[in-house]
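# Overview (structure and organization)
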Amino acid sequence: MLLLDRPLFFSSIGTDSTQLVKNKINLQNNLNSVSNNNSLFVAVGNNGKILYSIIENTWVPINEFTNENLNKVIWDGSKFIVVGNNSIIATSPTGVDWSLQQNVNISTNIKNIKYFDGIYTILNDNGDLFYSLNLSYWEKRSTGQNNPIKDVVTSLDWIRIT
């Protein structure tokens, strides 16, 4: 599934498919990220927009719990996690009912989140790296980089910062 700047999805059937199917979504807001848990897709976007889909060309909007831009959604194996501007972190085991994380100890626009082996990492709009074990308490981590970080890739043996 591809997500473009405009509210368009392109999807294919199977891993060896060579054709993409265009799925237009009638939205006023841009979408920023999409994730799935093998049975449900969740997409997030500007002005608190969240949509879910069981069938790729039928998307259902969810009542927004914020007007902040939502920048990234992931599935960590047991729940969807959304991050956004003004320190927004929300979780949902279903992708439909969302709970805001309370008492988050950072105040920044969160641009990206990753999860690996019990550790969550986020990047803010300055490219600062934070990590957490519980999504509430975040520890800023020095990276030794002079340039802002745009992404983090994790594996069993290393963390790569780009």
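Residues numbered from 1 in each chain as written. Predicted model: local features only at pLDDT ≥ 70, side-chain atom pairs only at ≥ 80, totals over all residues. Heavy atoms only, no water.

## Focus: the sheet that holds strand E4 (residues 31-36)
Ordered in space as E4-E5-E6-E7, the four strands form an open sheet in which the pairing is antiparallel. Two strands bound the open sheet, and with one partner strand each, they are E4 and strand E7 (60-61). Here strand E5 (residues 41-45) runs beside strand E6 (residues 50-53); their pairing, made up of four bridges, is antiparallel. The residue bridging Val44 from the neighbouring strand is Ile50, located in E6. (Pairing = 2+ DSSP bridges. Helix = DSSP H or I, 4+ residues; strand = E, 2+ residues; numbered from the N terminus.)

## What about the packing of aromatic side chains?
Evaluation of the coordinates by the stated rule reveals four aromatic pairs. When the centroid spacing of 4.6 Å and the interplanar angle of 45° are considered together, the rings of Tyr115 and Tyr120 count as tilted. For Tyr115, a relative accessible area of 31% puts it in the partly exposed group. According to the relative accessible area criterion, Tyr120 is buried, its value standing at 5%. (Phe/Tyr/Trp six-rings, centres within 6.5 Å; stacked < 30°, edge-to-face > 60°. Buried < 20%, exposed > 50% of the residue type's maximum accessible area, 1.4 Å probe, protein only.)

## Some thoughts on the sheet that holds strand E13 (residues 119-124)
Pairing in this open sheet of four strands is antiparallel, and the strands run E12-E13-E14-E15 from one edge to the other. Only two strands of the sheet have a single partner each, and these edge strands are strand E12 (110-116) and strand E15 (139-141). Averaged over all neighbouring strand pairs, the angle between strand axes comes to 30°, with direction disregarded. Looking at chain direction, E12 and E13 are connected through six bridges and run antiparallel. (Axes fitted to C-alpha atoms, helices over the stretch in contact; angles between N-to-C directions.)

## What to know about the confidence of the model for the chain
In this model, the chain carries an average pLDDT of 81, and 75% of its residues clear a pLDDT of 70 or more. The weakest mean pLDDT in the chain belongs to strand E1 (residues 2-3) at 45; the strongest belongs to strand E9 (residues 80-84) at 97. In this model, residues 1-12 is a region of pLDDT below 50 whose contacts with residues beyond four sequence positions or in other chains number 46 contacts. (pLDDT = per-residue confidence, 0-100. Contact = heavy atoms within 4.5 Å.)

## A short note on the pattern of salt bridges
Overall, the coordinates contain three salt bridges when judged by the stated rule. Asp76 is paired through a salt bridge with Lys79; the nearest N and O atoms lie 2.8 Å apart. (Salt bridge = Lys/Arg side-chain N within 4 Å of Asp/Glu carboxyl O.)

## Details of the side chain of Thr121
Looking at the element boundaries, Thr121 is found in strand E13. With relative accessibility at 10%, the residue Thr121 sits in the buried group.

## Remarks on unusual backbone geometry
Generally, phi is negative for residues other than glycine and the peptide bonds are trans, each holding for most cases. The phi torsion at Asp117 lies on the positive side, around 55°, for a residue other than glycine. With respect to the element layout, Asp117 can be found in the loop between E12 and E13. Take Asp117: its relative accessible area is 62%, and that puts it in the exposed class. Despite not being glycine, Leu135 has its phi angle at roughly 70°, a positive value. Along the chain, Leu135 falls in the loop between strand E14 (129-132) and E15.

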